[in-house]
Amino acid sequence: MRKSSLLKRSISEFCVDGILITDIANVRYLSGFTGSSGFLIITKNRPIFVTDFRYQEQAKKEVKSFKIIIQNVELTECIKKLASKYRIQKLGFEAHSISYQTYKKLLRDNIKLRALFDTVEALRLIKSREELSCIKTAIRRAENAFKKLRRFIKVGVTEHELAIKLEGLLREEGCKNVPFGVIVAAGLRSALPHAQPTNKALKRGDFVLFDWGGECDGYYSDMTRTVAIKGRYLQKHKELYSIVLNAQERALKAAQPGTKAALIDAAARDFIAAQGYKKHFGHGTGHGIGLAVHERPVISWQSKDTAEEGMVFTIEPGIYVPGFGGVRIEDVVHIKKNGLAVLTTLPRNLKVL
Ligand SMILES: [Mn+2]
């Protein structure tokens, strides 16, 4: 199996006797366990999955090809026991997911520790056919939910009401959870890239920004659409929207296998800057998506990533004008051998209500 053989390579590469995986999304990725508490210790010859009493039955069903251990002691105690049983002297751990407290305790237990960065994340960068199919279903659920929401989007309804409605529709479509609280931001509030829905009611002349995602078997989708409500700012709305749409199209065109993520970002950013909105686009152009709503690759000016076949990420430029409003258009793309497929299908042109 690709995943475990690559991890074994990491074991020799990092000169450790075993790797401790505590990031729960990585645990799920490697073992199939969908619960919220468990960890892995992977040695050269033995993959071990550890959880507690609550997940005993679930683990038996979900976790294949791992030795399952049900622990009744605290994390560091358990790691210490396993380390001595399997003669692990040097243990690699995920630097981002162990607390300082746990780290100190493990040190006290005389285990040699080696911090690992991006070990499983690097595997998760490239999606398998099964993963891609889950993401596609997550997208379909999100899009169906939004289509059903449309008739509720009108003057007088509040951001909060629309957000609750959309979350309910996502669940009706089959999502077991949502990747993040739905964003609905109207009028001036659409200039806040990550606004929380409030009791503000939609009114004529508002931009209304929706950012939401679906779920399928633990995989997420993420998309944004901005609509305009007819009113005195329609001309300005159209102008801002067409700049963002144009920027997005440029980034979509740039997103080819072998292209540096920083160049994909630049394709959108340089255009927005040339239109005079440089300081109104402060976030990255996109991010990978999968078991986490934000994962590698990073699509930003600082990114060291390169688009490769099998990657799935968002392209989401925006312009946010304080005191007026903002637009973001976000779609999910899949890098194929010879180009790119846009996985999201909702129309990208400006919808005027
Ligand atoms: Mn996003």
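Predicted model, so just to flag it, every value in this text is computed and none were measured. Counting restarts for each chain: residues are numbered from 1 in the order of the written sequence. In keeping with the predicted nature of the model, local features appear solely for residues at pLDDT of at least 70, side-chain atom pairs appear and are counted solely at 80 or more, and the whole-chain, interface and lining totals rest on all residues. Hydrogens and water are ignored here; the side-chain numbers use all heavy atoms of the structure.

Asks: Please clarify how the domain arrangement of the chain should be interpreted in this entry.
Replies: How big an interface is tends to be stated in terms of the accessible area lost upon association of its parts. For each domain, the first and last residues come from an automatic or database assignment. In terms of domains, the chain is made up of domain 1 (2-124) and domain 2 (129-352). Summarising the inter-unit geometry, the C-alpha centres of domain 1 and domain 2 are found 35 Å apart. Contacts: residue pairs with any heavy atoms within 4.5 Å of one another. Facing 6 residues of domain 1, the contacting portion of domain 2 comprises 8 residues. Computed with a 1.4 Å rolling probe, the buried area is the accessible surface lost when two parts are put together, summed over both parts. Carbon and sulfur atoms make up 47% of the area that domain 1 and domain 2 hide from each other, which totals about 570 Å². Broken down residue by residue, the surface that domain 1 buries against domain 2 is led by Arg 28, Tyr 29 and Arg 124, which jointly contribute 70%. The term salt bridge refers to a side-chain nitrogen of Lys or Arg lying within 4 Å of a carboxyl oxygen of Asp or Glu. Summed over the shared surface of domain 1 and domain 2, the result is 2 salt bridges. With its nearest N and O atoms 2.7 Å apart, the salt bridge here joins Arg 124 to Glu 295.

Asks: Where do I start with unusual backbone geometry in this structure?
Replies: Apart from glycine, the bulk of residues carry a negative phi angle, and the bulk of peptide bonds sit in the trans form. With an omega of 5°, the peptide bond running from Arg 296 to Pro 297 counts as cis. The helix count covers DSSP runs of H or I at least four residues long, the strand count covers runs of E at least two residues long, and both are numbered beginning at the N terminus. As for its position among the elements, Pro 297 is in strand β13 (residues 295-299). In this structure, Arg 87 is a non-glycine residue whose phi angle is positive, near 50°. With respect to the helices and strands, the residue Arg 87 is situated in the loop between α4 (75-85) and β5 (90-94). Using a relative accessible area of 71% as the deciding quantity, one classes Arg 87 as exposed. Relative accessible area decides the class of each residue, using a 1.4 Å probe on protein chains only: under 20% of the type maximum gives buried, over 50% gives exposed, and in between gives partly exposed.

Asks: Whenever I open this one, the pairing of strand β1 (residues 18-21) confuses me. Can you help?
Replies: Of the two faces of β1, the one carrying Gly 18 and Leu 20 and the one carrying Ile 19 and Ile 21 are both buried. Each pair of strands is called paired provided DSSP finds at least two bridges between the two strands. Looking at chain direction, β1 and β5 are connected through 3 bridges and run parallel. The residue of β5 that forms the bridge with Leu 20 is Phe 93. In terms of strand pairing, β1 meets strand β2 (residues 39-43) through 4 bridges, oriented antiparallel. Its bridge partner lying in β2, Leu 20 is registered against Ile 41.

Asks: Any chance you could explain the packing of aromatic side chains here in plain terms?
Replies: What describes a pair of aromatic rings is the distance from one ring centre to the other and the angle between the planes of the rings. The criterion for an aromatic pair is that two Phe, Tyr or Trp rings (for Trp, the six-membered ring) have centres within 6.5 Å, with stacked assigned to planes under 30 degrees apart, edge-to-face to planes over 60 apart and tilted to the rest. Within this structure, the stated rule accounts for 8 aromatic pairs. Each ring, one from Phe 33 and one from Phe 49, has its centre 4.7 Å from the other, and the planes form 55°; the classification is tilted. Of the two residues, Phe 33 is situated in the loop between α2 (24-31) and β2 and Phe 49 in strand β3 (residues 47-52); the sequence distance between them amounts to 16 residues. Comparing Phe 33 with Phe 49 shows no difference in burial state: the two are buried.

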